[in-house]
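Coordinate inspection notes
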Amino acid sequence: MGSVQTSTTMKMRIGLFTPDSRKGTAKTTATTYVEIVEIKDLAEKLASLGAKNVGLLCRDRTGATRIEGAMFSPAELKPSHLDWLNAKSAEFETRGLFYDLK
C-alpha cells in the first residue's frame, strides 16, 4: 500500500494596508490579503508590490489606526513580526502590515 502524505504546513492570512491612491474616496488605505506559510513569503510579496517601508498596523474598534514602533525595510521582517501579526488581539481589533511605496 502507498503512504498518504499530509502537510502540517499552516497558511496564515495577513492583511496588507497601503495608502489609497483613488481620487474622491473617503478611505485612507486600500487593503489586500495574502496567504503565506513563512516570513520569506511575506517579504517576497511585499517586494513584488514595490514596498519600500513596512510597519505593524493596529486598527481598533473605533477605526483609530496606529503603527506599532517604527517603519522598517521589508527585508528586515523577522519571525517575531509574524508572531505579532498572528497573536490574539483585543476584541474588534485588526492587525496587519502597512506598506509604503515611497
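Residue positions are given per chain, counting from 1 as you read along its sequence in written order. Local features in this predicted model are restricted to residues of pLDDT 70 or higher, and side-chain atom pairs are both shown and tallied only at a pLDDT of 80 or more, whereas totals for entire chains, interfaces and linings draw on every residue. Side-chain measures were taken over the full set of non-hydrogen atoms in the model, leaving aside hydrogen atoms and water.

1. Side note on the pattern of salt bridges
What counts here: Take a side-chain nitrogen of Lys or Arg and a carboxyl oxygen of Asp or Glu: if they are within 4 Å of each other, that pair is a salt bridge. Classification of residues uses two cut-offs on accessible area relative to the type maximum, computed with a 1.4 Å probe and protein chains only: under 20% is buried, over 50% is exposed, and between them is partly exposed.
All chains considered together, the criterion is met by 4 salt bridges. In this structure, Arg95 engages Glu93 in a salt bridge whose closest nitrogen and oxygen atoms are separated by 3.6 Å. Overall, Arg95 belongs to the partly exposed group, its relative accessible area being 23%. Put simply, Arg66, Glu68, Glu93 and Arg95 are held in one network by salt bridges that share partners.

2. A short note on the environment of Ala90
To keep things clear, this is the line we draw: Numbered from the N terminus, helices here are DSSP runs of H or I no shorter than four residues, and strands are runs of E no shorter than two.
Structurally, Ala90 is set in the loop between α2 (79–86) and β5 (94–100). In this structure Ala90 comes out as partly exposed when scored by relative accessible area, which is 47%. It is 9.1 Å that separates the C-alpha atoms of Ala90 and Arg61, two residues lying 29 residues apart in sequence.

3. A few points about the sheet that holds β5
What links the strands of a sheet is backbone hydrogen bonding, and the strands pair in either a parallel or an antiparallel sense. Here is the rule we go by: Each pair of strands is called paired provided DSSP finds at least two bridges between the two strands. Fitted lines through C-alpha atoms give the axes, limited to the stretch in contact for helices. The angle between two N-to-C directions lies from 0 to 180 degrees. Residues count as neighbours in contact if any of their non-hydrogen atoms are within 4.5 Å of one another.
With mixed pairing, 5 strands are arranged side by side in an open sheet as β2-β1-β5-β3-β4. The open sheet is flanked by β2 (29–36) and β4 (65–72), the only strands paired with a single partner. Mean inter-strand twist for the sheet, computed between neighbouring axes without regard to direction, equals 30°. The pairing of strand β3 (residues 53–59) with β4 spans 5 bridges and is classified as antiparallel. Each residue of the ladder has a partner; that of Val54, found in β4, is Phe72. Of the strands in this sheet, β1 (12–19), β2, β3 and β5 are in contact with helix α1 (residues 39–49), which crosses β1 at around 30°.

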